[in-house]
Amino acid sequence: MECPQCHTPLPDVAHYCHTCGRDVRSSAESRQQHFAVKPDEPVASFAIVSTIMPRGSGQRGQTYRITLVVALVIALLAACFGAVPLAVLVAAFAIPVVYIMYLYDVNLWDDNPVQVTVMAFLLTFVLGLGFTMLWFVGIGTASPGGSGAGQGAAVSSVNLAGLLVAAVLVPVVGEIIRQVGPVFLASRPRFDDLLDGASFGVISGVAFATADTLVRHWELLTGGFTREIDPGLWMSLIFLEGFVKPLVIGTASGIACAEFSGLGRGYDGFTPRYFRGVAEAILANVLYFGGIQLFSNLENATLSVVLSIVWGLLILGVLVIRMRRILHVGLLEAALEAAQAAQAGAPLPQAEQQFCAQCEMPMILGSSFCSACGASSRARAKDGQTALAQPVGAGSPAPSASPAPSATTTTEGEQK
Ligand SMILES: [Zn+2]
Ligand SMILES: [Zn+2]
């Protein structure tokens, strides 16, 4: 049997081409029902974990999902019973903590945890904190605090100023802040993979959301136990701030950073695709923060928060599907490119026996996809220092033993 797309000879039992990932049992041109990261999910799906945590989601996806749900339940219960500071704290840090746990789990930082944590999380967090405090205090001093006459005019001008800040300043400056660290990291040779870029964008966005939550709700955080509360309102607010907001901002930044990393070996850099990705990320934030700001003018606070949640989830849905499409197409096209390069005489990567991270079947040497389930071999955890088989060519800095062609470490190929 031969693959109709890349003409690789295939074993007769193969379901997927191990070189280009094509579904050879199906007549369909593209495999829209089998996400390259996690083939048992369709590409167009709202599965958040396999989207924002693409590496190793086959093995540990359930763990991350359960941890997130537990954190959500704790935050909501705390809000329900009036322990507002605890609720805000859990909401602010739940997703970053789970995400850093994921980075550790799959060794995404390639044995360089300090550099990745500082550049992708702390830098954005500190810059986000400073920036949010600046505009937040600015809005606060502009608010009509007890100025009796002409208060109506003052309110509407503050609303307009607030809308401009929320829908222009925060999205644009915020996205620039969120791009600095991930772009720096993704331009390092050991982090130039598409999935790395996407993940760094997500963690950066999540860090910004944490800073935003801490500044906006500092009074709640330091306000102590509240007895006279409306549990429904608090729970909705916590869900919005702790879960919807970080996912919207994180996915948006992840899309832009994935475009920066691009396909194949090396990073693509500041291409038109990257700037389109940044524009998409900014647009998502304009819609999100602008919408929230508009809803906040409603008289009924609960209605305003519920509308904000619905609005945020709509935006998140679009972003998740967009990001899955980028990852899916990226993995398939990169494999095809690598196969064509190999046919043209480029050296094949050093490969050792691998087992599929999703279905645990043995994989054909040097394959980009599992021929049984179709999972991309690049979506596995990074091997790091635990890898027994170092590439024979000494002097390669990253001991990545991934079988993907993009992971071949020739020093010349890395200096881009
Ligand atoms: Zn093929
Ligand atoms: Zn498999």
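Residues numbered from 1 in each chain as written. Chains lettered and ligands numbered in written order. Predicted model: local features only at pLDDT ≥ 70, side-chain atom pairs only at ≥ 80, totals over all residues. Heavy atoms only, no water.

Asks: Explain the overall build of the protein chain here, please?
Replies: Of the regular secondary structure elements, the protein chain holds 11 helices and two strands. The order of α-helices and β-strands along the protein chain, N terminus first, is α-α-α-α-α-α-α-α-α-α-β-β-α. Here the protein chain holds 416 residues, and 52% of them are scored as buried. A sequence separation of at least 24 residues applies to 69% of the contacts in the protein chain between residues at least 6 apart. Surface accessibility of the protein chain: about 18100 Å² in total, with carbon and sulfur atoms responsible for 67%. (Helix = DSSP H or I, 4+ residues; strand = E, 2+ residues; numbered from the N terminus. Buried < 20%, exposed > 50% of the residue type's maximum accessible area, 1.4 Å probe, protein only. Contact = heavy atoms within 4.5 Å. Areas by Shrake-Rupley, 256 points an atom, 1.4 Å probe, with all protein chains shown as cover.)

Asks: Got a minute to help me understand the confidence of the model for the protein chain in this structure?
Replies: Should the pLDDT be low somewhere, the predicted coordinates at that spot are not to be read in detail. Confidence along the protein chain averages 82 in pLDDT terms, with 83% of residues attaining 70 or more. Counting interchain partners and residues more than four positions distant, the pLDDT-below-50 stretch residues 144–152 has four contacts. (pLDDT = per-residue confidence, 0-100.)

Asks: What's the story with the coordination of the zinc ion (ligand 2) in this structure? I'm lost.
Replies: Reference values for angles at a metal are 109.5 degrees in the four-donor tetrahedral case and 90 or 180 degrees in the six-donor octahedral case. Coordination of the zinc ion (ligand 2) by the protein involves C356 (SG), C359 (SG), C370 (SG) and C373 (SG), with metal-donor separations of 2.2 to 2.3 Å. Of note is the zinc ion (ligand 2), whose four donor atoms meet at the metal with angles of 106 to 114° in an arrangement that counts as tetrahedral. (Donors = N, O, S within 2.8 Å, 3.2 Å for Na, K, Ca; no water. Tetrahedral: all angles 85-135°; square planar, octahedral: opposite > 155°, others 65-115°.)

Asks: What's the story with the packing of aromatic side chains in this structure? I'm lost.
Replies: Geometry of an aromatic ring pair is reported as the spacing of the ring centres plus the angle between the planes. One pass over the full model with this rule turns up 14 aromatic pairs. Look at Y64 and Y102: their rings are 5.5 Å apart centre to centre, the planes differ by 85°, and that puts the pair in the edge-to-face class. One end of the pair, Y64, is in helix α2 (residues 57–80); the other, Y102, is in helix α3 (residues 84–105), and 38 residues separate them in sequence. Each member of the pair, Y64 as well as Y102, is classed as buried. (Phe/Tyr/Trp six-rings, centres within 6.5 Å; stacked < 30°, edge-to-face > 60°.)

Asks: Please explain the coordination of the zinc ion (ligand 1) as it appears in this structure.
Replies: C3 (SG), C6 (SG), C17 (SG) and C20 (SG) make up the full set of protein donors to the zinc ion (ligand 1), lying at 2.2 to 2.3 Å. Around the zinc ion (ligand 1), the four donor atoms are arranged such that angles at the metal cover 104 to 115°; this shape is classified as tetrahedral. One chain supplies every donor for the zinc ion (ligand 1), spaced along it as C-x2-C-x10-C-x2-C. Taken together, the positions of C6 in the segment before α1 (49–52) and C17 in the segment before α1 put the pair 11 residues apart, joining distant regions of the chain.

Asks: Looking at this structure, how should I read unusual backbone geometry?
Replies: What you tend to see is this: most non-glycine residues have negative phi, and most peptide bonds are trans. With a phi angle near 50°, N107 is a residue other than glycine that sits in the positive phi range. Structurally, the position occupied by N107 is in the loop between α3 and α4 (113–142).

Asks: Teacher, can you tell me more about the environment of Q62 here?
Replies: Relative to the elements of secondary structure, Q62 occurs in helix α2. Residue class for Q62 comes out partly exposed when judged on its relative accessible area of 49%. Considered as a pair, Q62 and V49 are 13 residues apart in the sequence and their alpha carbons are 8.5 Å apart.

Asks: Would you take a moment to explain helix α10 (residues 301–343) for this structure?
Replies: One full turn of an α-helix is made of 3.6 residues, so residues set three or four places apart face in the same direction. Taking 1.5 Å per residue, 43 residues should reach 63 Å; α10 reaches 63 Å between its end C-alpha atoms and fits that length. Regarding α10, its N-cap is N300, as a side-chain oxygen of that residue lies 3.0 Å from the backbone nitrogen of T302 further along. (Expected span 1.5 Å × (residues − 1). Polar contact = N/O pair within 3.5 Å; in protein donor to acceptor, adjacent residues only side chain to side chain.)

Asks: When you look at the nonpolar core in this model, what are you seeing that I'm missing?
Replies: Burial of nonpolar side chains together is a common tendency in soluble globular proteins. M53, Y99, I238 and Y288 are the most contacted members of the largest nonpolar core, which totals 88 residues. Ignoring anything within four residues of it in the chain, the contact list for Y288 reads L240, E241, V244, K245, V248, W311, G312 and I315. Core analysis: the next-biggest nonpolar cluster, separate from the first, contains eight residues, V183, A186, F260 and V278 among them. (Core = buried A, V, L, I, M, F, W, Y, C linked by side-chain atoms within 4.5 Å.)

Asks: Even after reading the chapter, I still don't get the pattern of salt bridges, so can you show me in this structure?
Replies: Where charged atoms from two side chains of opposite charge approach closely, those side chains can pair. Under the defined criterion, the tally for this structure stands at 15 salt bridges. Of the charged contacts, one joins E41 and K38 as a salt bridge, the two residues approaching to 3.7 Å between their closest N and O atoms. For E41, a relative accessible area of 11% puts it in the buried group. When salt bridges that share partners are traced, they join E259, R273, R276, E280 and R322 into one network. (Salt bridge = Lys/Arg side-chain N within 4 Å of Asp/Glu carboxyl O.)

Asks: Explain the packing of helix α6 (residues 194–216) against α10 to me, please; I cannot follow it from the model alone.
Replies: In a packed pair of helices, the relevant descriptors are the angle between the two axes and the axis-to-axis distance. Where α6 meets α10, the closest approach of the two axes is 10 Å, and the angle between their N-to-C directions is 160°. For the element pair α6 / α10, the angle class is roughly antiparallel. Remark: the crossing between α6 and α10 carries right-handed chirality. For the pair formed by α6 and α10, the contact residues are L194, L195, A198 and V202 on the first element and M323, I326, L327, G330 and L331 on the second. (Axes fitted to C-alpha atoms, helices over the stretch in contact; angles between N-to-C directions. Parallel < 35°, antiparallel > 145°, perpendicular 65-115°, else oblique. Left-handed = near helix turned anticlockwise from the far one by under 90°.)

Asks: Help me understand the packing of helix α8 (residues 231–261) against helix α9 (residues 272–295), please; the structure alone is not making it clear to me.
Replies: One can describe the packing of α8 onto α9 by two numbers: an axis separation of 6 Å at closest approach and a directional angle of 165°. With respect to α9, the axis of α8 lies roughly antiparallel. For the pair α8 and α9, the sense of crossing is left-handed. Each of L240, E241, V244, K245, V248, I249, A252, S253, I255, A256, E259 and F260 in α8 lies in contact with α9, whose residues at this interface are R273, Y274, R276, G277, V278, E280, A281, A284, N285, Y288, F289 and I292. Considered class by class, the residues forming the contact of α8 with α9 number 15 nonpolar, three polar and six charged. (Nonpolar A, V, L, I, M, F, W, Y, C, P; charged D, E, K, R; others polar.)

Asks: Help me understand the side chain of T19, please; the structure alone is not making it clear to me.
Replies: Along the chain, the position of T19 falls in the segment before α1. T19 sits in the buried class, given a relative accessible area of 15%. There is a polar contact of 3.4 Å between the side chain of T19 and the side chain of T8.

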